[in-house]
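# Chains, contacts and geometry: an overview
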Amino acid sequence: MHWEFVVLRVLLLHAALVQGFGILPGRSLSHLEITQKALLNGTVQACRALAQAEGTNFSPPLQPFTPENVAAACKAPQSAKTFRKALLFIVLRNVRVDLRHALNASFHFDEEMLNEGRNIITAGIMAVKASNNQKNFEAARQKLGELLHPLQDFYSHSNWVELKNTRPNPNLIRSDVSIGNIADKSRATCRSCDGDDCTNNILEDIIRDQVLTSGYFGVFPFSEKPPGKCSHGGGLDVTSRMEPTGGINKDTFDSNHGHLHTQAANMAVAATSELLEDIREAAGSQPFLEMMGISKGSSKALCFVIDTTSSMAEDIAAVQGVTTSIIDSEVGTENEPSVYILVPFNDPAVGPLLRTSDPNEFKRVIDTLRASGGGDEAELSLTGLQLALTSAPFNSEIFLFTDAPAKDKQLTSTVIALIERTQTVVNFFITDSPTVNRRKRSRLSSPEVQLYKDLAQASGGQAIELSKTELPTAASVITESASSSLVTLLQASRSPGKTDTFSFLVDQTVTNVRVYITGGSTLAFTLTSPTGETQQSSEPSGPLIDSSRSAGNFRSLQIKKVQGQWNIRMISNEPYTLKVIGQSPIDFLFDFVEASQDVFTGFDPLETRPRAGVNGSLLVTVTGSSSATVTEVTLVGSSGSEEIRGAASPQEGGNFLVQVERIPTEEFMVRVKGEDDSFPSSTSRVTFQRQSPTSFRSSNVTITADSNAVLDPATEFAVPFSVVASGAGGNFTIRATNSRSYASTFPTTLSLESGSANGTVTLSAPKNTPSGTDVTLTIEAEAPGGGDSNYIVLRISVVNSVTDFTAPTCQQVSLRENCPESCSLSTWEVILRVTDGGGGTGVERVRLTQGNGTLNTSLEAGNENVTLATYNSSCCAPEMALQFVDRVGNSGTCSFSILEGLQGAQSHSTKVTPSLFLCLSVVTLVLHVLTEVGNK
């Protein structure tokens with residue numbers, strides 16, 4: 001059984017190597033390069049369009065595009081880190097298709113499964129548009145990466161290029177029109193190659209009649225193909241040795257049709273760019289940029305989870321004060337949060353969740369919070385935290401306020417799983433509470449507080465115990481966290497407490513260094529600078545500390561910047577935490593990945609804990625610099641008992657694949673050291689050190705699950721999963737929770753006496769769930785006795801069935817103009833009727849894309865599917881243009897000139913040629929690609 005599984009896996013991995021453009025960079029163009037080039041180009045287009053709409057200038061970045069120079073050109077340099085994260089996320093989901101769907105012909109347009117491949121693309125587009133409409137950008141990125149793989153493979157695996165087409169197939173992104181003239185199953189399409197020469201193996205009548213076909217592929221001895229059909233080709237394709245022999249794929253220069261690799265790859269770049277343009281027009285430029293991780297202010301979210309029961313009046317007032325301070329001081333600056341999230345919790349109600357990019361709306365809702373209700377002692381704090389963790393962006397920071405223990409302790413492992421997967425920092429403000437209209441102890445007991453401390457420690461946050469009067473002092477941490485360039489220099493904890501010495505490096509790029517300490521009243525420390533000067537915790541002032549604040553068990557120090565290695569000696573027998581932060585453009589991102597072996601060179605991000613005690617891999621990306629190198633990556637045990645160093649090898653785009661001989665069995669953090677010479681203000685090469693605030697755990701339990709990530713509320717949604725234990729078997733406890741509290745079923749136990757077992761989670765979403773809603777499903781498996789556990793976190797999009805594939809159109813209703821030669825003294829007005837037709841879903845948005853006049857819209861009386869657009873302008877500006885989108889993302893345009901009249905509405909999805917700018921951008925990309933190929 002196990003031997004057969006291993007053989008099948010090896011076959012699948014090797015098959016994936018020949019199932020599409022190369023996965024990773026090499027001499028030929030890869031999925032990674034094709035996707036990243038198109039994404040960078042699409043982001044530049046969106047920033048140009050947004051600047052034009054705002055009436056500001058846009059200077060495109062110099063080639064080659066990098067995340068840093070594109071973010072800077074978009075006037076959002078502080079977004080470089082989140083932009084890199086979004087790019088990497090999308091690219092790796094593209095690569096994952098080869099790893100998980102290697103032999104599924106539909107995902108690769110093989111075996112003439114052309115309509116099936118197109119259906120994957122169009123269903124994915126609907127999911128992306130719906131998710132963007134609901135601002136669920138991570139779900140949109142996930143589906144975007146998945147659908148781009150088959151889109152790109154079409155040009156490598158079909159004969160579209162051989163048919164002498166010079167532009168992408170526009171019908172690949174539409175489900176209501178024909179993809180083309182597909183060969184009948186009985187029609188021969190190829191002849192055998194002439195030895196190694198396959199340049200003319202497609203039959204002349206197929207070319208003449210413009211018939212679409214693609215190659216058959218098989219890796220098993222019993223693989224077959226219909227008579228006369230083309231094969232994919234390559235050494236692992238068994239069908240390529242059957243008549244007709246050879247193949248037609250263009251995946252690499254060495255493929256059977258490798259002479260057309262460059263044309264196919266450039267066509268894939270152009271097709272990806274056109275699809276991104278369609279998604280951008282449906283969403284609007286600003287939401288598209290948010291999907292790509294680009295925001296005008298800080299890339300960070302301001303996220304509050306607040307107990308609103310009756311004793312929390314002072315806490316709520318403190319939050320309101322902090323919110324007002326941040327909004328009043330940061331709006332319009334690079335530190336303005338990109339999104340504001342609020343999750344109030346009471347008993348038994350949690351929510352509603354507020355997620356908004358409007359600071360005034362957030363402030364208004366915060367100001368309406370009132371303390372009331374409760375009744376018993378414990379509250380649903382972890383339910384509120386779970387909701388926040390599934391709604392906040394990756395790498396967020398959450399602030400939870402409460403004076404009560406958690407009633408829902410059963411969610412502890414789920415919350416820890418979400419903290420690890422999102423790498424989110426959670427800070428707890430735990431205030432004492434007198435009895436206020438309910439039975440409650442004046443302070444939480446030690447075990448009750450310990451739960452919050454454990455969660456804070458796991459995330460790299462603080463668990464601050466203080467009186468309600470001290471809360472405003474401690475809440476200054478929230479203001480400090482709003483910085484868009486916050487980095488962690490050191491994160492450590494000791495429980496039980498012990499005397500220990502910690503070091504951290506302050507490099508030339510770091511400013512505003514702060515030290516956060518939580519611990520008992522007996523805690524003491526000695527701070528030592530790189531020059532050897534020291535300062536004791538007992539000294540109120542000294543040479544190293546600019547300022548100090550204390551509240552409850554929390555102490556914050558702002559130290560004077562001295563470059564070099566600092567040391568801090570902590571002295572305490574009680575548990576304590578230590579965190580050192582600063583501001584710097586240089587930081588890092590990472591994922592634990594499963595790296596393939598042998599000739600297969602892909603890697604897949606883990607959605608679970610890595611396996612304990614064996615070798616493992618991480619993909620590390622340096623942000624804030626396109627020239628930084630990683631010199632050392634270390635897994636640091638949380639207790640300080642071990643450090644395991646990995647070997648880093650550079651990959652494309654500033655990424656580094658790090659391989660470690662052993663994943664620690666204890667909790668650990670990730671520390672990265674590197675060098676960079678791209679900062680002109682620095683007189684020498686910058687040597688930097690950063691650390692992940694989040695602690696991670698490994699496991700001897702493996703849990704796997706996969707789904708198509710799209711849930712139709714009209715049907716029950718099933719997620720099969722498998723659990724494998726490398727240690728002792730027994731009855732494993734299964735837990736499955738979802739962020740929307742949808743009805744679900746799952747086995748509560750699985751017997752792993754044979755080492756593995758399978759189960760299924762089913763979800764049922766309410767039928768009125770809006771399209772674009774996302775739900776996070778966490779499946780956990782816990783070994784007997786609770787000593788080991790693992791989880792998998794899946795993000796699923798809810799998408800209702802779509803029958804509307806036609807863009808809205810517009811008609812002229814009336815025109816008022818009397819424009820004399822002296823145009824500055826006169827105006828003109830046109831009223832246009834924008835309709836989505838009788839069977840349409842309705843017009844969602846109408847916006848002005850050309851013209852500097854005034855546009856007003858209103859619904860036509862008695863008809864929700866018709867929007868009246870009234871445009872007024874000076875006679876000196878005789879032209880205008882509109883873009884309109886219906887509720888499922890179909891996009892159309894029309895333009896009007898008082899000199900020429902109405903120019904007919906046009907659906908974006910029916911355009912055969914891209915816009916002039918897209919053409920120029922693709923030409924630029926093609927020239928850049930050809931230059932790179934020539935250099936290689």
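Up top you'll find the structure we're talking about.
Below, the structure is looked at part by part.

Definitions and limits used
Residues numbered from 1 in each chain as written. Predicted model: local features only at pLDDT ≥ 70, side-chain atom pairs only at ≥ 80, totals over all residues. Heavy atoms only, no water. Helix = DSSP H or I, 4+ residues; strand = E, 2+ residues; numbered from the N terminus. Buried < 20%, exposed > 50% of the residue type's maximum accessible area, 1.4 Å probe, protein only. Polar contact = N/O pair within 3.5 Å; in protein donor to acceptor, adjacent residues only side chain to side chain. Contact = heavy atoms within 4.5 Å. Core = buried A, V, L, I, M, F, W, Y, C linked by side-chain atoms within 4.5 Å. Disulfide = S-S within 2.5 Å. Pairing = 2+ DSSP bridges. Axes fitted to C-alpha atoms, helices over the stretch in contact; angles between N-to-C directions.

Right, let's talk about the side chain of S158 for a bit. Along the chain, S158 falls in the loop between α6 (137-157) and β1 (181-182). Judged by its relative accessible area of 0%, S158 is buried. A distance of 2.6 Å separates the side chain of S158 from the backbone oxygen of F154, its partner in a polar contact. Here the side chain of S158 touches W160 through a polar contact of 3.2 Å, landing on its backbone nitrogen. Ignoring anything within four residues of it in the chain, the contact list for S158 reads D153, T213, S214 and K250.

So, on to the nonpolar core. By size, the foremost hydrophobic cluster in this structure holds 57 residues, and its most contacted members are I121, L144 and L275. Of all the secondary-structure elements, those providing two or more residues to this core are α2 (31-54), α3 (67-73), α4 (80-100), α5 (114-133), α6, α8 (261-283) and α9 (285-291). Those residues in contact with I121 that lie beyond four places of it in its chain are F109, L147, P150, L151, L172, I173 and L275.

With that settled, the discussion passes to the state of the cysteines. Per the counting criterion, the structure on display carries 6 disulfides. Between C190 and C230 runs a disulfide, and the two sulfur atoms are separated by 1.9 Å. The disulfide joining C190 to C230 has a torsion of about 90 degrees about its S-S bond and is therefore right-handed. Taken together, the residues span a long stretch of sequence, with C190 in the loop between β1 and α7 (204-208) and C230 in the loop between β2 (211-212) and α8 at a distance of 40 residues. C230 shares its class with C190; the two are buried. In this model, C193 is linked to C198 through a disulfide, with the two sulfur atoms separated by 2.0 Å. Judged by the torsion about the S-S bond (110 degrees), the C193/C198 disulfide is right-handed.

This next bit is on the sheet that holds strand β17 (residues 576-583). The 5 strands are arranged β9-β17-β11-β15-β14 in an open sheet whose pairing can be described as antiparallel. A strand with exactly one partner marks an edge of an open sheet, and here the two such strands are β9 (486-494) and β14 (545-551). Pairwise comparison of adjacent strand axes, ignoring direction, gives a mean angle of 15 degrees for this sheet. Here 7 bridges tie strand β11 (residues 511-519) to β17, and the two strands are oriented antiparallel to one another. Counted as the bridge partner of I517 is L578 from β17.

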